Amino acid sequence: MRSLLILAVAAVAGCSSGTTPPANDTAPDTLPPVATGDLCVSSDCGEVVELVDIPDAENILFAEDGRLFVSGGQNVYEIARDDAGTYTATPLSAATCNFTGMTITRGHLYASCSDSRFFAAKYGPTIALTEIYRFDGMCIPNGTATGPDGRIYVVDEPLNCAEADPKIVALTLDPNDPMRVLAQDLWLQGAPIGTMYAGQGNVMRFPNGLVRDGNTFYSTDGGTVFSVGVGDDGSAGEIVPLFFESTAHDDLALAGPDGLLVTDFFRGRILLLSRDGELLQETLPGTFSEPSSVRLGRPPLFQSTDILVTDKGVIGEESAPIDKLYLFRRKPG
């Protein structure tokens, strides 16, 4: 399914100060409910609004109380808006790291880092991320989500590793201490790169993003968007390809109960898909530079039909003026 060029690029890889700890990372994507028909994911109806600079912007996470967190090449930031309507980004870690995926569970914020460090902090008015674990045998820990069993699932993106080993692992937290990881287990093994022409077969080679709804995970694999279920015993089900095109999809998000929002890193656009893989809407290529993640907005900072997008720009170049958090919303009128 992808050329060598796509193979090289595919794995690219608030106002409120609520104190109630979010329960998990499912509700931030599914609440409030929004039907795909209510969304504008087209350049005909929508426009891009710059919000705030984020060096090497990578991922987006809303908490249940509407607080917004964005990861980037240097830190994880909480995004807030002052009385004048200006958005600000406050770093949450004293350590500098190329942060990737994030999740919230058991009253704590967790963040993966591309150098295999794993950070966490108690969720509260003040959040200070600290390292709590080092991944074992990972190339680039990326997409991160909480599973239905309470474990934290993390995608290993096989970019520029001597021996590529695409997979998804599951971290078990100490029942008595959310700041302690007890075990790292292989949950879904990918196929060696080049074993089959990309886009064919129920295999995984370049996993990147990760999001869950119920007992189903959704992920990206180069030009493919796929789903994989969680069995009653916690094991991984069959990989089900949902959508494919010759490009490099980065992260993705739930769009209400029946849709998926997907970033096209290669062509600089975002897409709206049905859960069975039908392309419903898309922005024009070049709407963004290299969009790395997408999320539906949440009150009080945004409307539930707003779409937040991180633009990474050139990978590793952290001072470009396009490294930002953007808002894509319906044009006035």
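It should be emphasised that the depicted structure is a prediction, and the values quoted were computed from it without experimental measurement.

### Regarding the overall build of the protein
So, step 1. A tally of helices and strands in the protein yields two helices and 24 strands.
So, step 2. Residues classed as buried in the protein amount to 60% of the 333 residues present.
So, step 3. Counting every atom, the protein has about 12,200 Å² of accessible surface; 50% of that belongs to carbon and sulfur.

### Remarks on unusual backbone geometry
So, step 1. Here the amide bond leading from P299 into P300 is cis, since omega sits at 10°, within 30 degrees of zero.
So, step 2. On the secondary structure map, P300 appears in the loop between β22 (291-296) and β23 (307-311).
So, step 3. Positive phi values are uncommon outside glycine, yet D56 reaches one of about 50°.
So, step 4. With respect to the helices and strands, D56 occurs in the loop between β1 (46-53) and β2 (59-62).
So, step 5. The phi angle at R106 is positive, at roughly 50°, despite the residue not being glycine.
So, step 6. Along the chain, R106 falls in the loop between β6 (99-105) and β7 (108-113).

### Section: the environment of L242
So, step 1. With respect to the helices and strands, the residue L242 is situated in strand β17 (residues 240-244).
So, step 2. Separated by 36 residues in sequence, L242 and E278 place their C-alpha atoms 8.1 Å apart.
So, step 3. In contact with L242, not counting residues within four places along its chain, are Y218, V225, F226, S227, L260, R275, D276 and G277.

### Focus: the packing of aromatic side chains
So, step 1. In the structure shown here, the tally under the stated rule is twelve aromatic pairs.
So, step 2. Relative to F302, the ring of F62 lies with its centre 6.2 Å away and its plane at 85°, an arrangement referred to as edge-to-face. With F62 in strand β2 and F302 in the loop between β22 and β23, the pair connects residues that are 240 residues apart, well separated along the chain.
So, step 3. You can call F302 buried: its relative accessible area is 4%.
So, step 4. Residues Y133 and F135 carry aromatic rings whose centres are separated by 5.9 Å and whose planes lie at 80° to one another, so their mutual orientation is edge-to-face.

### Re the sheet that holds strand β14 (residues 207-213)
So, step 1. Spatial ordering of the open sheet is given by β14-β15-β16-β17, a layout of four strands whose pairing is antiparallel. This sheet does not close on itself; its edge strands, each paired only once, are β14 and β17. Ignoring strand direction, the axes of neighbouring strands in this sheet form an average angle of 25°.
So, step 2. Where β14 lies against strand β15 (residues 216-221), five bridges are found, and the strand directions are antiparallel. Within β15, the position partnered with V211 by the bridge is Y218.

### With respect to the sheet that holds strand β24 (residues 324-330)
So, step 1. If you walk across this open sheet you meet the four strands as β1-β24-β23-β22, and the pairing is antiparallel. Looking at the sheet topology across the chains shown, the edges are occupied by β1 and β22. Direction aside, neighbouring strands of the sheet carry axes that sit 25° apart on average.
So, step 2. The pairing of β23 with β24 spans five bridges and is classified as antiparallel. In the sheet register, L308 faces β24, and the bridge partner there is L327.

### Concerning the state of the cysteines
So, step 1. Going through the model one piece at a time under the given rule, you end up with two disulfides.
So, step 2. Across the disulfide, C40 is cross-linked to C45 (sulfur-sulfur distance 2.0 Å). Disulfide C40 to C45: torsion about the S-S bond roughly 110°, handedness right-handed. Just as C40 is buried, C45 falls in that class too.

Parameters and conventions
Within each chain, residues carry numbers counting from 1 in the order of the written sequence. pLDDT decides what is reported in this predicted model: residues at 70 or higher carry local features, side-chain atom pairs at 80 or more are listed and counted, and totals for whole chains, interfaces and linings draw on all residues regardless. Heavy atoms from the whole structure form the basis of all side-chain values; hydrogens and water molecules are not counted. Runs of H or I in DSSP of at least four residues are treated as helices and runs of E of at least two as strands, each being numbered from the N terminus. The rule is simple: take the accessible area with a 1.4 Å probe, protein chains only, and divide by the maximum for that residue type; under 20% is buried, over 50% is exposed, in between is partly exposed. Each accessible area value is a Shrake-Rupley result obtained with a 1.4 Å probe; residue values ignore everything except the protein chains displayed when judging cover. By the convention used here, residues are in contact when the closest approach between their heavy atoms is within 4.5 Å. Stacked, edge-to-face and tilted are the three classes for Phe, Tyr and Trp ring pairs, Trp counted by its six-membered ring, which pair at centre distances within 6.5 Å; planes under 30 degrees apart are stacked, over 60 edge-to-face, the rest tilted. By the convention used here, strands pair only if DSSP detects at least 2 bridges between them. Axis definition: a line fitted to C-alpha atoms, over the contacting stretch in the case of helices. Angles run 0 to 180 degrees between N-to-C directions. By definition, disulfides here are pairs of cysteine sulfur atoms that lie within 2.5 Å.

No statement about biological role is implied by the geometric values presented.
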